[in-house]
Amino acid sequence: MSLNHIFQLIAKGENDTLDFKKTISSASKIAKTMCSFANHKGGRLLVGVNDNGTISGVRSEDEKYMLDLAAHFYCKPELTIDLLEYEFGGKTVIECIIPEGENKPYYAKDEDGKWWVHIRVKDKSLLASKVVVDVLKRANNQENTLIKYTKHEEGLLHYLGKNERITIKQLCKLLNISKWRAQRMLINLVSAGIIRNHTTEKEEFFTLS
């Protein structure tokens, strides 16, 4: 591919399938971004590119080592990535291509050795909630979702018919049920496509699909 390919990507800016990295300083941190792409619909990392889209360049062998380390030792299941190099005015840019995962959810190991699931939301890699993790598991296992339509499901859908969104805390209060019960109901309804999950840096909420 030509340099025009890189320039076209940079012009798009960071989004849900594209992330710029000036350098790779931590395998665990880059694994978080990799797994968020794998749990989404795949994505690309441009290493040697600043957040504002200017090219800074990297030492290719060091960066490729860190990317490979992240994909194979800090991601579970391991990720298969493609690495491409581009030269621009004596500066090297690496394109790391992460395909959509076939065995979701993918976990990234943090610096304390703990494994977490992350998802891609716009240009951010965010920690996934229990609801999101279980929905990913169910989708991967291709399980059929059998919904028992009770007064609780009816109450939630009635509420969302009149209100734009609801949080788990609000749902527990609305129906006077435990957090565990609320999560199980939401997992079923999200998996069935009846409601949608929305994750932000501040909170998680749900809307009608």
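Located above this text is the structure these notes cover.
Residues numbered from 1 in each chain as written. Predicted model: local features only at pLDDT ≥ 70, side-chain atom pairs only at ≥ 80, totals over all residues. Heavy atoms only, no water.

Some thoughts on the pattern of salt bridges
Then, number 1: In this structure the tally under the stated criterion is 11 salt bridges.
Then, number 2: The shortest N-O distance in the salt bridge between R59 and D62 comes to 3.1 Å.
Then, number 3: Taking relative accessible area as the criterion, R59 reaches 65% and is therefore assigned exposed.
Then, number 4: Overall, the relative accessible area of 37% leaves D62 in the partly exposed class.
Then, number 5: Of the charged contacts, one joins E100 and K104 as a salt bridge, the two residues approaching to 2.7 Å between their closest N and O atoms.
Then, number 6: K104 gets classed as buried once you look at its relative accessible area, which sits at 16%.
Then, number 7: Overlapping salt bridges, with partners in common, bring together D19, K21 and R120 in one network. (Salt bridge = Lys/Arg side-chain N within 4 Å of Asp/Glu carboxyl O. Buried < 20%, exposed > 50% of the residue type's maximum accessible area, 1.4 Å probe, protein only.)

Description of helix 7 (residues 179-191)
Then, number 1: End to end, helix 7 covers 18 Å across 13 residues, agreeing with the expected 18 Å (1.5 Å per residue, within 8%).
Then, number 2: Contacts from the buried residues of helix 7 go to helix 4 (130-141), helix 5 (151-162), helix 6 (168-175), strand 9 (195-199) and strand 10 (204-208).
Then, number 3: Two residues or fewer after helix 7 comes G193, characterised by a positive phi angle close to 80°. (Helix = DSSP H or I, 4+ residues; strand = E, 2+ residues; numbered from the N terminus. Expected span 1.5 Å × (residues − 1). Contact = heavy atoms within 4.5 Å.)

Comments concerning the sheet that holds strand 5 (residues 91-98)
Then, number 1: The four strands are arranged 1-2-5-4 in an open sheet whose pairing can be described as mixed. Each of the sheet's edge strands pairs with one partner strand only, and the pair in question is strand 1 (18-21) and strand 4 (82-88). Each neighbouring strand pair of the sheet contributes to a mean axis angle of 20°, computed without reference to strand direction.
Then, number 2: In this structure, strand 1 lies alongside strand 2 (residues 43-47), joined through four bridges in parallel fashion. From the neighbouring strand, F20 faces strand 2, where its bridge partner is L46.
Then, number 3: Packed onto the sheet, helix 2 (residues 27-38) meets strand 1, strand 2 and strand 5 and runs at close to 150° relative to strand 2.
Then, number 4: Relative to the sheet, helix 3 (residues 60-73) contacts strand 2, strand 4 and strand 5, its axis offset from that of strand 5 by approximately 15°. (Pairing = 2+ DSSP bridges. Axes fitted to C-alpha atoms, helices over the stretch in contact; angles between N-to-C directions.)

None of the figures reported here should be taken as evidence of function without further support.
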